[in-house]
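Chain by chain, the residues:
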Amino acid sequence: MSGKVRIPALVAVLALLLLPLAGATPAAAAGGPSVKLSKSQAGTGGSITVSGSGWRAHALLMVLICGQATPARGVIGGTNSCANADGRAVTTDAKGVFSKKLPVSEPPVPCPCVVHVATVTGASASADTVFQVAGHAVEPLPTEPSAGRLSVLSDTRLDGSSGLLTWFGAPPSRTLVFTVGNAGSSAVKNPVFQVGTSHGVFAPQWDDQQFSGTIAPGGKAEVKLPVELSAGAHGDYNVSLKYGGRVLADQPWGVGRPWGVTLFWILLCVVVPAAVFRVGMAVVDRIRPRRAGRSTGPPRHRGLRMPTQLTLRITKFGQATAASREAAAAAPTTSTLPWFTPDSDPGTAGRLSAPHDDSPTSPTTPTRKGLT
């Protein structure tokens, strides 16, 4: 009998022990990101410890105290309703767990307040938990504009492509396309969406875009909203869609570098120095002093000059050589051998015999006596 009584008692004790644990982490049990606070209320100047689990591994998170917010409706005014100056950044560990000490400060809008934790980069994820700033004003939340509730039914996409002008630094532009459905009890006429673009760790810059049309209860519609970045933008951007103070979707956008601008600067660095060099050479040539008697025409290339005495010698030698050639040309063309006299030249007419000596003193020639 005693054994039968002990078993139900043990079961009851275990149920009482496990019940607080099951109710403390409903988000963790569902597999989504969760946030816990060391205190549910604190005054300005104090601090609380914020811890969480179920986040992406090594994710960069931003922890803020925001007003005009509830976990059900989110932060209505966006980050403008948060104490951004006293926010803290934290990175999760390999298991998606974090713990950070957060100073307590009053948000710029009245409570109800929450501690808002959201991812900074990568896929969008956020979680809110109720927190009360002691001594801060509390006011009711603003009513929703209509009973209609819009939600994104399909994945968002960016249509369009970059042209030649974008390659040279023109603003990149795309069209954000998505399908929304009305889960409310009344129609939504001409809804105004907010499209924000962010780069790196910077907060999104929101732009209001109105959709022309009426979405009936239970109906759906395809929405196309233009998105444009600043001139020369490049890198990894994130396009966010917000409606009614809630972020409905996020779409990454990788923008290529405008290489045409880089090519332009390279050409500029090459052409400008070359032009400056040409202008400088022209100025130097214009202001250079010139010798008297020289023409002002285009500059000529100067060759090597020989000394004056060598030039005179070469000139005299040339004149003497020319005179010798003229004298040789004026001399008779008849040949004179050393053993012939001009009169006994074989080349003269009437001479057919060999030359002989007619001298009276020749021993071989007999003397001829005169007439007696």
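Structure first, text after, so check above.
We now turn to the structure provided with this report.

As for the overall build of the protein chain
Phase 1: Per the secondary structure count, the protein chain includes 5 helices and 20 strands.
Phase 2: Sequence separation of at least 24 residues holds for 65% of the intrachain contacts in the protein chain that already meet a minimum separation of 6.
Phase 3: Working note: accessible area of the protein chain is about 25500 Å², and carbon and sulfur atoms make up 60% of it.

Here we look at the state of the cysteines
Phase 1: Enumeration according to the criterion identifies 2 disulfides in this entry.
Phase 2: Here Cys-66 pairs with Cys-82 through a disulfide, and the sulfurs are 1.9 Å apart. Across the S-S bond linking Cys-66 and Cys-82, the dihedral sits near 95 degrees, which makes this disulfide right-handed. Here Cys-66 is found in strand S4 (residues 60-66), whereas its partner Cys-82 is found in the loop between strand S6 (74-75) and strand S7 (88-91), with 16 residues between them in sequence. Per residue, the accessibility class of Cys-66 equals that of Cys-82, and both read buried.
Phase 3: Each sulfur in the disulfide pair Cys-111 and Cys-113 lies 1.8 Å from the other. In this structure the cystine formed by Cys-111 and Cys-113 twists about its S-S bond by roughly -90 degrees; its chirality is therefore left-handed. Of the two residues, Cys-111 and Cys-113, both sit in the buried class.

Focus: the environment of Glu-106
Phase 1: Take Glu-106: it is sitting in the loop between strand S8 (98-103) and strand S9 (113-119).
Phase 2: For Glu-106, a relative accessible area of 42% gives the class partly exposed.
Phase 3: A sequence separation of 27 residues divides Glu-106 from Val-133, and the C-alpha atoms of the two residues are 6.8 Å apart.
Phase 4: When near neighbours in sequence (up to four residues on either side) are disregarded, Glu-106 contacts Thr-44, Ala-83, Val-133, Gly-135 and His-136.
Phase 5: Only 3.5 Å separates the side chain of Glu-106 from the side chain of His-136, close enough to count as a polar contact.

Regarding the pairing of strand S3 (residues 47-53)
Phase 1: What you see with S3 is a clean split: Ile-48, Val-50 and Gly-52 sit on the buried side and Ser-47, Thr-49, Ser-51 and Ser-53 on the side with no burial.
Phase 2: Both strand S1 (residues 34-37) and S3 contribute to a ladder of 4 bridges, which runs antiparallel. The residue of S3 that forms the bridge with Lys-36 is Ser-51.
Phase 3: Here 6 bridges tie S3 to S8, and the two strands are oriented antiparallel to one another. Its bridge partner being in S8, Thr-49 is matched across the sheet by Lys-101.

Let's talk about the environment of Ala-85
Phase 1: Tracing the backbone through its elements, the reader meets Ala-85 in the loop between S6 and S7.
Phase 2: A relative accessible area of 76% means that Ala-85 is categorised as exposed.
Phase 3: Between the alpha carbons of Ala-85 and Ser-105 there is a distance of 9.2 Å; along the sequence they are 20 residues apart.

Describing the sheet that holds S1
Phase 1: The sheet built from 3 strands is open, its strands ordered S1-S3-S8 with antiparallel pairing. The open sheet has two edge strands, S1 and S8, and neither has a second partner. If you compare each strand with its neighbour and ignore which way they point, the axes differ by 25 degrees on average.

Examining the nonpolar core
Phase 1: By size, the foremost hydrophobic cluster in this structure holds 23 residues, and its most contacted members are Phe-178, Phe-193, Leu-241 and Trp-253.
Phase 2: Within the residue set of this core, elements represented by two or more residues are strand S13 (173-182), strand S15 (192-199), strand S18 (220-228), strand S19 (235-243) and strand S20 (246-255).
Phase 3: In terms of nonpolar packing, the next biggest core, distinct from the first, is built from 20 residues, Ala-42, Ala-59, Leu-102 and Ala-127 among them.

Remarks on the side chain of Lys-242
Phase 1: Secondary-structure assignment places Lys-242 in strand S19.
Phase 2: Notably, Lys-242 is buried but unbridged: the nearest opposite-charge side chain belongs to Asp-208, and the N-O separation is 8.8 Å.
Phase 3: If we ignore the near neighbours within four places in the chain, the residues touching Lys-242 are Gly-78, Phe-193, Gln-194, Trp-206, Val-247 and Leu-248.

A word on the environment of Arg-157
Phase 1: Tracing the sequence through the fold places Arg-157 in strand S12 (residues 157-159).
Phase 2: Of the residues examined, Arg-157 reaches a relative accessible area of 39% and is grouped as partly exposed.
Phase 3: Taking the C-alpha atoms as reference points, Arg-157 and Trp-253, 96 residues apart in sequence, are found 9.5 Å from one another.
Phase 4: With residues up to four places along the chain from it excluded, the contact list for Arg-157 reads Thr-175, Leu-176, Val-177, Glu-222 and Gln-251.
Phase 5: A distance of 3.2 Å separates a polar atom in the side chain of Arg-157 from a polar atom in the side chain of Asp-159.

Criteria and cut-off values
Residues numbered from 1 in each chain as written. Predicted model: local features only at pLDDT ≥ 70, side-chain atom pairs only at ≥ 80, totals over all residues. Heavy atoms only, no water. Helix = DSSP H or I, 4+ residues; strand = E, 2+ residues; numbered from the N terminus. Contact = heavy atoms within 4.5 Å. Areas by Shrake-Rupley, 256 points an atom, 1.4 Å probe, with all protein chains shown as cover. Disulfide = S-S within 2.5 Å. Buried < 20%, exposed > 50% of the residue type's maximum accessible area, 1.4 Å probe, protein only. Polar contact = N/O pair within 3.5 Å; in protein donor to acceptor, adjacent residues only side chain to side chain. Pairing = 2+ DSSP bridges. Axes fitted to C-alpha atoms, helices over the stretch in contact; angles between N-to-C directions. Core = buried A, V, L, I, M, F, W, Y, C linked by side-chain atoms within 4.5 Å. Lys, Arg positive; Asp, Glu negative; His and termini not counted. Salt bridge = Lys/Arg side-chain N within 4 Å of Asp/Glu carboxyl O.

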